[in-house]
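Commentary on secondary and tertiary structure
Here is how the chains run, residue by residue.
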Amino acid sequence: MNKDTKRSELGLFFLKNSGESQIGINNAFFSAFKDRPYWRTARETVQNSMDAAADPAKPVKVFFKLKKISTSDIPGHNDLLTAWVNSEKEEKNPKENVKKIYKNAIDALKKDTVSILTISDQNTIGLTFIENDNKCALFNLIKNENITEKPGQTNPGGSYGHGKFAPFTVSDLRTIFYSTHYKDNEGVVRDHYMSRTV
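Rules behind the numbers
Residues numbered from 1 in each chain as written. Predicted model: local features only at pLDDT ≥ 70, side-chain atom pairs only at ≥ 80, totals over all residues. Heavy atoms only, no water. Core = buried A, V, L, I, M, F, W, Y, C linked by side-chain atoms within 4.5 Å. Buried < 20%, exposed > 50% of the residue type's maximum accessible area, 1.4 Å probe, protein only. Helix = DSSP H or I, 4+ residues; strand = E, 2+ residues; numbered from the N terminus. Salt bridge = Lys/Arg side-chain N within 4 Å of Asp/Glu carboxyl O.

Considerations on the nonpolar core
The tendency in soluble globular proteins is for nonpolar side chains to be buried as a group. Phe129, Leu138, Ile142 and Phe165 are the most contacted members of the largest nonpolar core, which has 17 residues in total. Contributions of two or more residues to this core are made by helix H4 (137–142) and strand S3 (175–183). Of all the elements, H4 adds the most residues to this core, at four residues. Counting residues in hydrophobic clusters, the runner-up holds 14 residues, among them Ile25, Leu80, Ile106 and Ala108.

Here you go:
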């Protein structure tokens, strides 16, 4: 999605799972962050921003803000609620902790307002997006799993490995929306938006 996308065009798109692989909602990727979810979310996101410094001679600034919005303002709100309800129906004999995950998400989506944690940075190169390139920086961070490459960054202190899952542990909706501002290979400034629910 780019900055010219109209609000009426926003929604969820479910890609065909041709390999029929499944990732359980109680994903092992989250286990490493459950003990200190907020601290680990801050650590992982700040590391990503520091690795993407635009001018090494200047400090990278990272901002954390908590605010409330109307739940209906969540892009694809109805689609997201339907997906959670349908996914819960597919569970076979779920454990109590899994039931809690579904309950938290569905209850949150049915409320009038929802708390949003926004994380933004300054003096970074942004996450580049290249159409049909599933190894570009934005795709590596959001979609790929166990990928340790950070395209366009030299001597990164971290990688897009399990750390990318840290922010999901502080979201009852298990959903993150990303926006990126970057220059493409021709030097043109672009904006791109992408989300993921796990």
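Here's the deal with the pattern of salt bridges
Under the defined criterion, the tally for this structure stands at five salt bridges. Note that arginine 40 and aspartate 35 form a salt bridge whose closest N and O atoms lie 2.8 Å from each other. Aspartate 35 gets classed as exposed once you look at its relative accessible area, which sits at 53%. The residue aspartate 107 makes a salt bridge to lysine 103 at a minimum N-O spacing of 2.6 Å. Within this pair, aspartate 107 and its partner lysine 103 are both found in helix H3 (residues 96–110), separated by four residues, close to a single helical turn.

Structural notes on the environment of valine 85
Mapped onto the elements of the fold, valine 85 is located in helix H2 (residues 77–90). Sequence separation of valine 85 and lysine 103 is 18 residues, and the distance between their C-alpha atoms is 9.4 Å.

By themselves these figures say nothing about function.
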